[in-house]
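Here is what each chain is made of, one letter per residue.
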Amino acid sequence: QVQLVESGGGLVQAGGSLRLSCEASGSILSIDVMGWYRQAPGKQRELVAVINSGGSLKYADFVKGRFTISRDNAKNTVYLQMNSLKPEDTAVYYCNEAPWNLYGRHPTDYWGQGTQVTVSS
C-alpha cells in the first residue's frame, strides 16, 4: 500500500514556474500509470498529466507545452514541472495512480493531502 506525499506548491506570479514532487512511501513500480491531478475550489478534479512505467507521457490540452511530468522509480518520486503558470492553474495538486485515458475514472480509495498552487495575476 503506497502512501503519497505531494510538495513544492506555493504562491507564484503569472508566468512563473514551480516544480511539484510526489514522494511515495513505497515502490511505485507496481503502478503502471501515475498522474498529476488538480482541483480548484468549487470545480471538479481534473487529470493534468500522466506518465506510464515506460516513460510515455500524455498531457491535458490546457497544460501542453507548459507542464512536464517525469518519474523516477528509483526514488519513488513523480514530478511535475510547471512553467508559464496562469491564474487558472490555481488549484490543489495531487498525484495518484491514473488512467491512461485523461478522462477515465479517478481513484476513489486513496488521496493524499495535495499541495496548493496559487498563481496571481
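Refer to the structure above for everything that follows.
The notes below deal with the structure included here. It should be emphasised that the depicted structure is a prediction, and the values quoted were computed from it without experimental measurement.

1. Comments concerning the pairing of strand 4 (residues 33-39)
In terms of burial, strand 4 is largely enclosed, as 6 of its 7 residues are buried. The pairing of strand 4 with strand 5 (residues 46-52) spans 6 bridges and is antiparallel. Bridge assignment links Trp36 to a residue of strand 5, and that residue is Ala49. Between strand 4 and strand 5, which pair antiparallel one after the other, the connecting turn spans 6 residues, and Gly42 there sits at a positive phi close to 75 degrees. Alignment of strand 4 against strand 9 (residues 91-97), held across 6 bridges, turns out to be antiparallel. Note that in strand 9 the partner of Met34 across the bridge is Glu97.

2. So, the nonpolar core
If you look at the biggest cluster of nonpolar residues, it comprises 35 residues, and the most contacted ones within it are Trp36, Phe67, Ile69, Val78, Leu80, Met82 and Tyr93. Top element by residues in this core is strand 5. It accounts for 5 residues. If sequence neighbours within four positions are ignored, Val78 has contacts with Leu20, Ser21, Cys22, Ile28, Met34, Trp36, Ile51, Ile69, Ser70 and Arg71.

3. Some details on the packing of aromatic side chains
By the definition in use, this model includes 2 aromatic pairs. Residues Tyr37 and Trp111 carry aromatic rings whose centres are separated by 4.9 Å and whose planes lie at 85 degrees to one another, so their mutual orientation is edge-to-face. With Tyr37 in strand 4 and Trp111 in the loop between strand 9 and strand 10 (115-120), the pair connects residues that are 74 residues apart, well separated along the chain. For the ring pair Tyr94 and Trp111, a centre distance of 5.7 Å and an interplane angle of 75 degrees mean the geometry is edge-to-face. Here Tyr94, found in strand 9, pairs with Trp111, found in the loop between strand 9 and strand 10; they are 17 residues apart in sequence, far enough to count as distant. Tyr94 sits in the buried class, given a relative accessible area of 15%. An aromatic cluster is present here, built from Tyr37, Tyr94 and Trp111 joined pairwise through their rings. The aromatic ring of Tyr79 is capped on one face by Arg19, whose charged end is 5.9 Å from the ring centroid.

Parameters and conventions
Counting from 1, residues in each chain are numbered in the order their sequence is written. In keeping with the model being predicted, local features are shown solely for residues with a pLDDT of at least 70 and side-chain atom pairs are shown and tallied solely at 80 or more, while totals for entire chains, interfaces and linings include all residues. Note that the side-chain values use all heavy atoms of the structure and ignore hydrogens as well as water. Relative accessibility thresholds used throughout: buried, under 20% of the residue-type maximum; exposed, over 50%; partly exposed, between the two (1.4 Å probe, protein chains only). Helix and strand definitions follow DSSP, with helices as H or I runs of at least four residues and strands as E runs of at least two, each counted in order from the N terminus. Here, a strand pair is defined by DSSP locating no fewer than two bridges between the strands. In this description, a nonpolar core means a group of buried Ala, Val, Leu, Ile, Met, Phe, Trp, Tyr and Cys residues linked to one another through side-chain atoms lying within 4.5 Å. Residues count as neighbours in contact if any of their non-hydrogen atoms are within 4.5 Å of one another. Only centres within 6.5 Å qualify two rings of Phe, Tyr or Trp (six-membered ring in Trp) as a pair; their planes then separate them into stacked at under 30 degrees, edge-to-face at over 60, and tilted for everything else. Over a ring means this: the NZ of a Lys or the CZ of an Arg is within 6 Å of the ring centre and within 35 degrees of the ring normal.

Interpretation note: all reported values are geometric properties and have no functional meaning in isolation.
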